[in-house]
Amino acid sequence: MKIAIQENLLPGKTLREKFLIAEKLGFDGIELWGRGIEKRISEIESVLSISKVPISTICSGYKGDLLGSSRSEREAAIKDIKFKLEVAAKLNAVGLIVVPTFGGPKLPDLYPLYKDVKELEYRLLVEELKDIGKHADEVGVFILLEPLNRYETHFLNRLEQAIKICKDVNMEHVKIMADFFHMNIEEASIPESLKIAKDYIRHIHLADSNRWLPGFGHTDFKSAFKVLKNSNYKYFMALECYVPEPKEESLRKSLAYLKSLL
């Protein structure tokens, strides 16, 4: 298991400074923001040429909405996700984190054709992911479906729901990202949910119960990591959380805590 960190959590004014600090602290990878990444490819490649720290993943940031109310929103999302998958491949990242939608439903209620708008959303998403999944297979990087807690989205909240989508899409590179903060809210047991989803998880986000750094709350990481270790999980786990000041000291403390559990 490798521990990465989102770029925005690192001290430093430039990307180069952030990579150097990540290397100094002992992180195994950096997760990049997806928004506007196409304008930064040259800068990223330049930094990678002098850094020992690789890119783990790209975090969302695509245009449109896969479950948006208009065709143009959905087409924009599909097009930009495909492009960002190509960027991920170019940067040797594991994949692109994809959240199907934020907030409440945008599609119309088509009862009695569909008894629930979620049924319509589900069928639409499966068809979209079959299309995008072909491109993911071609470029060799993962679409990483992220369940969010009920306060951030109505649609995809638990790992078991994401597994069902993966099974219905049935594409090699359509898999799951598990986020400890959202799981702390939605899953009855984080270790048990990880055990059930072990064959589908290709990335993980780490945050404690209060969305601070691991070790700054009361989440039981030890039991969860034991499940991951027994499942031979070999991918990245990236910090996505609040970092209290002084940042470098807090990051060093949290990373030492996590490594003690591994």
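Predicted model only: the values in this text are computed from it and were never measured. Residue numbers here run from 1 along each chain, matching the order of that chain's written sequence. Confidence filtering applies because this is a predicted model: local features only for residues at pLDDT of at least 70, side-chain atom pairs given and counted only at 80 or more, and all residues used for totals across whole chains, interfaces and linings. Just so you know, side-chain values use all the structure's heavy atoms and leave hydrogens and water out.

Participant: Explain the packing of helix 1 (residues 15-25) against helix 2 (residues 41-48) to me, please; I cannot follow it from the model alone.
Facilitator: A packed helix pair is summarised by two numbers, namely the angle formed by the two axes and the spacing between the axes. Close contact between helix 1 and helix 2 brings their axes to 10 Å; oriented N to C, the two are set at 35°. By crossing handedness, the relation of helix 1 to helix 2 is classed as right-handed. Mapping the contact onto sequence places Leu15, Arg16 and Phe19 in helix 1 and Glu43, Ile44, Val47 and Leu48 in helix 2. For the contact of helix 1 with helix 2, the class distribution of residues is five nonpolar, no polar and two charged. Only the contacting stretch of a helix is used when fitting its axis, a line to C-alpha atoms as for every element, and angles between N-to-C directions run 0 to 180 degrees. Here a helix means four or more residues in a row that DSSP labels H or I, a strand means two or more in a row labelled E, and each is numbered from the N terminus. Definitions for this section: a left-handed crossing has its near helix turned counterclockwise from the far helix by less than a right angle. A right-handed crossing has that turn clockwise. Note on contacts: a residue pair qualifies if any of its non-hydrogen atoms lie within 4.5 Å across the two residues. Each residue gets one label: Ala, Val, Leu, Ile, Met, Phe, Trp, Tyr, Cys and Pro are nonpolar, Asp, Glu, Lys and Arg are charged, and the others, such as Gly, are polar.

Participant: Looking at this structure, how should I read the state of the cysteines?
Facilitator: Here is the idea: a disulfide is a covalent bond, and it sits between the sulfur atoms of two cysteines. For this text, the term disulfide refers to a pair of cysteine sulfurs within 2.5 Å. Within the structure shown, the criterion is met by zero disulfides. Considering cysteine sulfurs only, Cys241 is the nearest to Cys59, which forms no disulfide, with 12 Å between them. Not part of a disulfide, Cys166 finds its nearest cysteine sulfur in Cys59, a span of 17 Å. Looking at Cys166, the relative accessible area reads 5%, which means it is buried. Note on classification: 1.4 Å probe, protein chains only; a residue is buried when its accessible area is under 20% of the maximum for its type, exposed when over 50%, partly exposed between these limits.

Participant: Explain the pairing of strand 7 (residues 201-206) to me, please; I cannot follow it from the model alone.
Facilitator: On a regular strand, each side chain points to the face opposite its neighbour's, so the side chains alternate between the two faces of the sheet. The buried count for strand 7 comes to six of six residues, which makes it a mostly enclosed element. Strand pairing follows a simple DSSP-based rule, namely that at least 2 bridges must link the two strands. With three bridges joining them, strand 7 and strand 8 (residues 236-239) adopt parallel strand pairing. Across the sheet, residue His205 finds its bridge partner in strand 8, namely Ala238.

Participant: Help me understand helix 8 (residues 221-230) in this model?
Facilitator: An α-helical turn contains 3.6 residues, so any two residues separated by three or four positions project in the same direction. Every buried residue of helix 8 is accounted for by Phe221, Ala224, Phe225, Val227 and Leu228. Looking straight down helix 8, one finds that the buried residues subtend no more than 155° of arc, so they occupy a single side. Counted as exposed and oriented over 90 degrees from the buried face of helix 8: Lys222, Lys226, Lys229 and Asn230. Its buried side turned inward, helix 8 meets helix 6 (180-186), helix 7 (190-196), strand 7, strand 8 and helix 9 (247-261). N or O atoms closer than or at 3.5 Å make up a polar contact, with two conditions inside protein: a donor-capable atom paired with an acceptor-capable one, and, for residues adjacent in sequence, both atoms drawn from side chains. Of the residues flanking the start of helix 8, the one acting as N-cap is Asp220, its side-chain oxygen 3.3 Å from the backbone nitrogen of Lys222. Regarding the arc, it is the one traced by the directions from the helix axis to the C-beta atoms.

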